[in-house]
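# Results of the structural survey
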Number of protein chains: 2
Amino acid sequence: MPRIVVDAMGTDAAPGPEVEGVILAAREGLADVLLAGPEDILKQELARRGARGLPIEVVHASESVTMDEAAAKSFRRKRDSSVRVAARLVRDGKADGMVSAGNTGAVMAAAKIILGALEGVDRPALAAVLPNSKGKAAVLLDVGANVDCKPQHLEQFAVMGETYYRVIFGAERPRVGLLSIGSEEHKGNELTREAFGRFKELPLHFIGNVEGRDLYNGRVDVVVCDGFTGNVALKISEGLVEAISKMLRESLSRTLSSKVGYVLSRKAFRDFKRRVDYAEYGGAPLLGVRGVCLIAHGSSNSHAVKNAVRVAADFVRGQVNSKIERELAGAVQPGI
Amino acid sequence: MPRIVVDAMGTDAAPGPEVEGVILAAREGLADVLLAGPEDILKQELARRGARGLPIEVVHASESVTMDEAAAKSFRRKRDSSVRVAARLVRDGKADGMVSAGNTGAVMAAAKIILGALEGVDRPALAAVLPNSKGKAAVLLDVGANVDCKPQHLEQFAVMGETYYRVIFGAERPRVGLLSIGSEEHKGNELTREAFGRFKELPLHFIGNVEGRDLYNGRVDVVVCDGFTGNVALKISEGLVEAISKMLRESLSRTLSSKVGYVLSRKAFRDFKRRVDYAEYGGAPLLGVRGVCLIAHGSSNSHAVKNAVRVAADFVRGQVNSKIERELAGAVQPGI
């Protein structure tokens, strides 16, 4: 059974969603779970929720990182933060993977520094899982771990994203695209034009340049870009979903008949919301680190925490990391 | 009265939407309109729609550029294309501005080469107008004219976008933001970090870095980025709106009660669709060229063409270009 450590102090409402999430995960037998955070509080919370007898172990951490702390500073200063304790458990083999819904920068810093990179990986990359209109999902990477990239980094991202998609979504031959501004090979910026040539040589199903609209239409499974572009893409998507929901609500409440319509179609809206809710996919994996690191959204509820534990366990069982190392050893031209 | 030339062969359904669009524009007295394209056909179409007596002049162009032609190639080969004829009319002072719903690359190439750049502008930029959840609009630039940019280019984009917003949307002091991946000054890539320092010195209301989500929440009026990032942002937004509409329709038609709900809330959906429809804003201005160039969507209908004529006329009346030149002469540090 995979052993997954959850940073108990990550979500905006910590430790409630984490404690409930690991209880759900343990009850469903998804993993053996460790919970890193203030021991007294966590034990109390677990007892209060009737977790006695479940395979949940508490590991004490005296500090936690807040959402607005600079990642590098918090890393240096807080040696006993729950996220560092979680990463050390993975490094020392006491856990196979970690889940944190904390400050993304701080989690990435802890994982990159404490766990280190896989053989053949220059730069770990953060991958986001996005629902598409075909009812499936696309993986977009990098979404923020590396703002300035070289072509060989994108090449490694392609191999890592493809392997992850293959294992986690059970696809035999995921379609990999390079995010650009036109489908032709010569379209794009300096980075993507050079990366295109390298991608053609990779032993994976490269479908060429894809455009922003392809992220959501189901035409591609793995979309590769630098971390600046990917982060902008992700935040725009989140912002647009929020804005559309708000505008629709306003439009719907403007007339009596549409108020009635709203009530009647409430079920449809819930269904829709569930389909675009990335909590279903358990957060963003930091690919390329020695170990498993899932970064969940700060607003995660217990359901999202549980899903993150499930995905982390699937990641371990599917041996994603050793597959990535094997692929990279065979596939990628040496970088500079 | 401003004189605006419309490329009659731009939209996917050309010349129907163009002919109807200029008739609407002329009837509402928005501008004196010229129509560039095959003379015989256009005169016939105008007569058939009862345009006699309206201030619409046809200028013959024997060729047209298709949507999938490479911009540079079509520019060299088709010297008498409707878009080149339109640009020449502006260059020669026979029109004040042009509107085209054709192949964006070909329109940009024609406008940049034939019209040339304003004093102080190294690179013209394409600006998209995006509706936000406050019921207002934000301008995003560059969305595709310049894929690889230097900091001084972003600086010029800021001045051009701010001037455009001020004149067209009647805002006294538009809020200008730099598109990045975190609000702190040090967040971003090499380009945005260097641009941030320059933006602080500009005599405009710079609110610092903004994130993707701010594009749609009304926190910022003018958003500046390189043309690669901007194009990706725009295409993702279009794709996501499409995907959400599709998913909502499916969710709504899944149950009888929501089918009833759908019928009742149809009016609300129409209202919503109108609010996110960028056709209301008449297309994307190519800022920084000597003359006015509005690029409308290939799927534009007559209403969108009419709105583009209106915006082009407002652009002329508001003397956007001379204001941009004045701002740039005073504001921007010399580039490299």
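Conventions used here
Residues numbered from 1 in each chain as written. Chains lettered and ligands numbered in written order. Predicted model: local features only at pLDDT ≥ 70, side-chain atom pairs only at ≥ 80, totals over all residues. Helix = DSSP H or I, 4+ residues; strand = E, 2+ residues; numbered from the N terminus. Buried ≥ 20, exposed ≤ 12 C-beta atoms within 10 Å, placed from the backbone. Contact = placed C-beta atoms within 7 Å. Pairing = 2+ DSSP bridges. Axes fitted to C-alpha atoms, helices over the stretch in contact; angles between N-to-C directions. Expected span 1.5 Å × (residues − 1). Right-handed = clockwise from strand over helix to strand, strands pointing away. Arc of directions from axis to C-beta. Domains from an automatic or database assignment. Nonpolar A, V, L, I, M, F, W, Y, C, P; charged D, E, K, R; others polar. pLDDT = per-residue confidence, 0-100. Parallel < 35°, antiparallel > 145°, perpendicular 65-115°, else oblique. Left-handed = near helix turned anticlockwise from the far one by under 90°.

## A closer look at the overall build of chain A
In terms of regular secondary structure, chain A is built from 12 helices and 11 strands. Within chain A, the fraction of its 336 residues that count as buried is 59%. Of all intrachain contacts in chain A linking residues separated by at least 6 positions in sequence, the fraction that spans at least 24 positions is 72%.

## Observations concerning the sheet that holds strand 7 (residues 175-179) of chain A
Residues and elements named next belong to chain A. Taken in spatial order, the 11 strands of this open sheet run 3-2-1-4-11-10-5-6-9-7-8, and their pairing is mixed. The outermost strands of the open sheet, each flanked by one partner alone, are strand 3 (56-60) and strand 8 (205-210). Going from strand to strand, the sheet's axes swing by 25 degrees on average, the running direction of each strand aside. Bridge analysis of strand 7 against strand 9 (residues 222-224) gives three bridges, and the strand direction is parallel. Opposite Val176, over in strand 9, you have Val222 as the bridge partner. In this fold helix 2 (residues 39-48) packs onto strand 2 (32-37) and strand 3, with an angle of close to 160 degrees to the strand it touches most, strand 3.

## Structural notes on helix 5 (residues 104-115) of chain B
All names here are of chain B. Its 12 residues give helix 5 an end-to-end C-alpha distance of 16 Å, which sits within 8% of 16 Å, the value for a rise of 1.5 Å per residue. Most of helix 5 is tucked away: 11 of the 12 residues are buried. Buried within helix 5 we find Thr104, Gly105, Ala106, Val107, Met108, Ala109, Ala110, Ala111, Lys112, Ile114 and Leu115.

## Concerning the pairing of strand 1 (residues 3-7) of chain A
Residue and element names in this part refer to chain A. Of all five residues in strand 1, five are buried, a share of seventy percent or more. What you see with strand 1 is no split at all: Arg3, Val5 and Asp7 on one side and Ile4 and Val6 on the other are buried throughout. Strand direction decides the pairing type here: strand 1 and strand 2, joined by five bridges, are parallel. Within the sheet, the bridge partner assigned to Ile4 lies in strand 2 and is Val33. Once the chain exits strand 1 it traverses helix 1 (residues 16-27) before rejoining the sheet at strand 2, and the crossover so formed is right-handed. Pairing of strand 1 with strand 4 (residues 97-100), which is carried by three bridges, proceeds in the parallel orientation. Each bridged residue has a counterpart across the sheet, and for Val6 the counterpart in strand 4 is Val99.

## Here's the deal with helix 7 (residues 190-201) of chain B
Residues and elements named next belong to chain B. Those residues of helix 7 that sit buried are Leu191, Thr192, Ala195, Phe196 and Phe199. Considered in projection along helix 7, the buried side chains sweep an arc of 130 degrees and stay on one side of the axis. Turned more than 90 degrees away from the buried face of helix 7, the exposed residues are Glu190, Gly197, Lys200 and Glu201. The inward-facing, buried residues of helix 7 contact helix 6 (151-169), strand 7 (175-179) and strand 8 (205-210).

## Considerations on the domain arrangement of chain A
Residues and elements named next belong to chain A. In terms of domain boundaries, chain A breaks down into domain 1 (3-121 + 288-318) and domain 2 (125-278). Placing the centre of domain 1 and that of domain 2 at their C-alpha centroids yields a distance of 26 Å. Of the residues lining the interface, nine residues belong to domain 1; the matching set on domain 2 comes to eight residues. Every element with two or more residues in the side of domain 1 that touches domain 2 is listed here: helix 5 (104-115) and helix 11 (302-317). Counting residues per element, the side of domain 1 that touches domain 2 draws most heavily on helix 11, at three residues. Here the residues of the side of domain 1 that touches domain 2 are counted per class, giving five nonpolar, three polar and one charged.

## Considerations on the sheet that holds strand 1 (residues 3-7) of chain B
Residue and element names in this part refer to chain B. Read across the open sheet, the 11 strands follow the order 3-2-1-4-11-10-5-6-9-7-8; overall the sheet is mixed. Every interior strand has two partners, whereas the edge strands, strand 3 (56-60) and strand 8, have only one. Between one strand axis and the next, the sheet turns by 25 degrees as a mean value, whatever way the strands run. With respect to the sheet, helix 11 (residues 302-317) is in contact with strand 1, strand 2 (32-37), strand 4 (97-100), strand 10 (284-287) and strand 11 (292-295), its orientation differing from that of strand 4 by roughly 155 degrees.

## A word on the confidence of the model for chain A
Per-residue pLDDT for chain A averages 89, and the proportion of residues at 70 or more is 89%. Reported confidence for the predicted complex is 0.86 by ipTM and 0.89 by pTM.

## Concerning the environment of Asn189(B)
Tracing the backbone shows Asn189(B) in the loop between strand 7 and helix 7. Separated by 101 residues in sequence, Asn189(B) and Arg290(B) place their C-alpha atoms 32 Å apart. Every residue in contact with Asn189(B), bar those within four places of it in the chain, is listed here: Val147(A), Asp148(A) and Phe228(A).

## A short note on the environment of Ser82(B)
Residue and element names in this part refer to chain B. Along the chain, Ser82 falls in helix 4 (residues 82-91). The exposure class of Ser82 is buried, given the 32 C-beta atoms found within 10 Å. With 75 residues separating them along the chain, Ser82 and Asp7 place their C-alpha atoms 5.6 Å apart. Aside from chain neighbours lying at most four places away, what touches Ser82 is Asp7, Ala8, Met9, Ala36, Gly37, Ala61 and Ser64.

## Some words on the packing of helix 1 of chain A against helix 11 of chain A
All names here are of chain A. Between helix 1 and helix 11, the shortest axis-to-axis distance is 7 Å and the interhelical angle comes to 50 degrees. One element, helix 1, and the other, helix 11, form an angle in the oblique class. Between helix 1 and helix 11 lies a crossing of right-handed hand. Here helix 1 contributes Pro17, Glu18, Glu20, Gly21, Val22, Leu24 and Ala25 to the contact with helix 11, which in turn contributes Ser302, Val305, Lys306, Val309 and Arg310. Its residues assigned to classes, the contact of helix 1 with helix 11 shows six nonpolar, two polar and four charged.

## Observations concerning the pairing of strand 10 (residues 284-287) of chain A
Residues and elements named next belong to chain A. Of the two faces of strand 10, both are covered, the one formed by Ala284 and Leu286 as well as the one formed by Pro285 and Leu287. Sheet analysis places strand 5 (residues 125-131) next to strand 10, joined by two bridges and oriented antiparallel. Paired with Ala125 across the strands is Leu287, a residue of strand 10. Looking at chain direction, strand 10 and strand 11 (residues 292-295) are connected through two bridges and run antiparallel. Bridge pairing in strand 11 links Ala284 to Ile295. As consecutive antiparallel partners, strand 10 and strand 11 are separated by four residues, and within that stretch Gly288 has a phi angle of approximately 105 degrees, a positive value.

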